[in-house]
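Structural features, examined
Chain by chain, the residues run as shown.
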Amino acid sequence: MNNSKTYSSQEFIELEESLGAHNYHPLDVVCTGGEGVWLYDVEGNKYLDCLSAYSAVNHGHAHPEIVATLVEQAQRLPLTSRAFRNDQLPLFYKDILDLLGYEKALPMNTGAEAVETALKIARKWAYTVKGVPEDQADIIVAEGNFHGRTITIISFSSESQYKEHFGPHTPGFPMVPYGNIDALQEAITPNTAAIMVEPIQGEAGVVVPPEGYLREIREICDSNNILFIADEIQTGLGRTGKLLACDHEGVRPDILVLGKALGGGIFPVSAVLASKSVMDVIKPGDHGSTFGGNPLGAAVARAALRVLVEEKLVENAEKMGRYFHDHLEEINSPHVDYIRGKGLLIGVVLKEEAGGARRFTEALMTRGILAKETHENVIRFAPPLVIDKQTLDWALPIIRDVLLMP
Ligand SMILES: *Cc1c(COP(=O)(O)O)cnc(C)c1O
């Protein structure tokens, strides 16, 4: 290995393409540094990050307080496994439950693991509490969902590429159109354990359900003894201008799934929160993860929650989101159909004739803004929640020029 060689972007790209599995199609920018809302490539160019690692980097890149916590904890004690106890996990429980108003937490690492955990809790609750006959429990999901990439999770994806040739698929997940409460009502049977939705569908292209949808799900769950599972891995922790996207409708899910930004943009940390009566169906040995609840992740997540509150990131997302959204509306591009989203989770939906979002995201990149297309015709703008007005005032004219391209 020759560690002294310096590589150009093009050489890094060629290495990656020739050596790595082709499971992504990234924009051709090779990042080597990051600070706050900014990313730097290996040639020294500077970019505004408008993706934030799919909302994992809500706190901005390399937040000093979170980095300091990471370094300190890494030097002291990074990993014990859950075979022993550590002095960070209990404090993580306390902090996250206090902030979000739940009674019990179960820590994992990635979002997909937390979703799997929520599904296991809901199934076990159905059999041991609700009295659903063994192996008959259904969990209703929504079309257009994105909950991760495990075999079970892709089994109930409506995206054919995510599931094709990965069968046989896991049964037990009836699907209904997102945002349609009548269809949901009709799908319910005595064997329904839970309903799982994203309060806004991020990966589907920032799809916002009709006002009242989450409240109606809550009512249906209450009147049918069904658990409401909200996947807030992308929408949670301030992204939409409230602490949780469910807060926009004043709704409290029975099972809350968090990930992404919980790790402060640095380290994978996810968690499932629930009431005591629901979480207590899980007994020692039922479920686990070698890295889940590790002291390093617990310390980093505690710092992430502390910074979220101290720096008022939720309020900033609401304010800056409104400013960003309003000014995007004013651009009046012939390519834009409409703009949707809440807080700093914004989707610019392009018209069919616009020729796809990729040419716009590539043009933005050459002008110093990194945004990613979702589903061919939506440009997602989701900068770190630490963004300020001055930065948006720099970005908006550039976005305007790009959206007004022929
Ligand atoms: C990203 C995401 C996941 C999966 O998280 P991973 O950490 O990539 O496994 C699940 N649900 C939603 C809503 C997400 O946005």
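What you see is a predicted model; the values in this text were computed from it and never measured.

**Quick look at the packing of helix 12 (residues 313-329) against helix 14 (residues 389-403)**
For any two helices packed against each other, the geometry is given by the interaxial angle and the distance between the axes. Remark: helix 12 packs on helix 14, axes separated minimally by 11 Å, with the N-to-C direction vectors making an angle of 20°. As far as their axial angle goes, helix 14 and helix 12 are roughly parallel. Judged by the sense of rotation from one axis to the other, the crossing of helix 12 with helix 14 is right-handed. Contact with helix 12, carried on its side by Met320, Tyr323, Phe324, His327 and Leu328, involves Lys389, Leu392, Asp393, Leu396 and Ile399 of helix 14 and no other residues of that element.

**A closer look at the packing of aromatic side chains**
Counted according to the given criterion, the structure contains seven aromatic pairs. Considering the side-chain rings of Trp38 and Trp394, the 5.4 Å spacing of their centres and the 70° angle between planes classify their relative orientation as edge-to-face. Pair noted here: Trp38 is in strand 2 (residues 38-41) and Trp394 is in helix 14, with a separation of 356 residues, a long-range link. The exposure class assigned to Trp38 is buried, which follows from its relative accessible area of 19%. When the ring of Phe146 is compared with that of Tyr162, the centres are 6.0 Å apart and the planes differ by 80°; the resulting orientation is edge-to-face. Taken as a pair, Phe146 in the loop between strand 5 (138-142) and helix 6 (151-155) and Tyr162 in helix 7 (residues 160-163) lie far apart in primary sequence, 16 residues in all. Classification of Tyr162 as buried rests on a relative accessible area of 19%. Above the face of the Tyr7 ring, Lys5 is positioned so that its terminal group lies 4.6 Å from the ring centre.

**Description of the side chain of Ser9**
By secondary structure assignment, the location of Ser9 is in helix 1 (residues 9-19). Among residues more than four places away in sequence, those in contact with Ser9 are Val30, Val42 and Glu43.

**Details of the sheet that holds strand 12 (residues 345-350)**
The strands that make up a sheet pair up through hydrogen bonds in the backbone, lying either parallel or antiparallel. With respect to topology, four strands assemble into an open sheet ordered 11-12-15-14, the strand pairing being antiparallel. Here the strands that pair on one side only, and so sit at the sheet edges, are strand 11 (336-342) and strand 14 (372-374). Strand after strand, the sheet turns through a mean of 30° between neighbouring axes, direction not considered. Note: strand 12 against strand 15 (residues 378-381), four bridges, orientation antiparallel. Looking at strand 15, one finds that Ile346 is bridged to Phe381.

Definitions and limits used
- Residues numbered from 1 in each chain as written.
- Predicted model: local features only at pLDDT ≥ 70, side-chain atom pairs only at ≥ 80, totals over all residues.
- Heavy atoms only, no water.
- Axes fitted to C-alpha atoms, helices over the stretch in contact; angles between N-to-C directions.
- Helix = DSSP H or I, 4+ residues; strand = E, 2+ residues; numbered from the N terminus.
- Parallel < 35°, antiparallel > 145°, perpendicular 65-115°, else oblique.
- Left-handed = near helix turned anticlockwise from the far one by under 90°.
- Contact = heavy atoms within 4.5 Å.
- Phe/Tyr/Trp six-rings, centres within 6.5 Å; stacked < 30°, edge-to-face > 60°.
- Buried < 20%, exposed > 50% of the residue type's maximum accessible area, 1.4 Å probe, protein only.
- Lys NZ or Arg CZ within 6 Å of the ring centre and 35° of its normal.
- Pairing = 2+ DSSP bridges.

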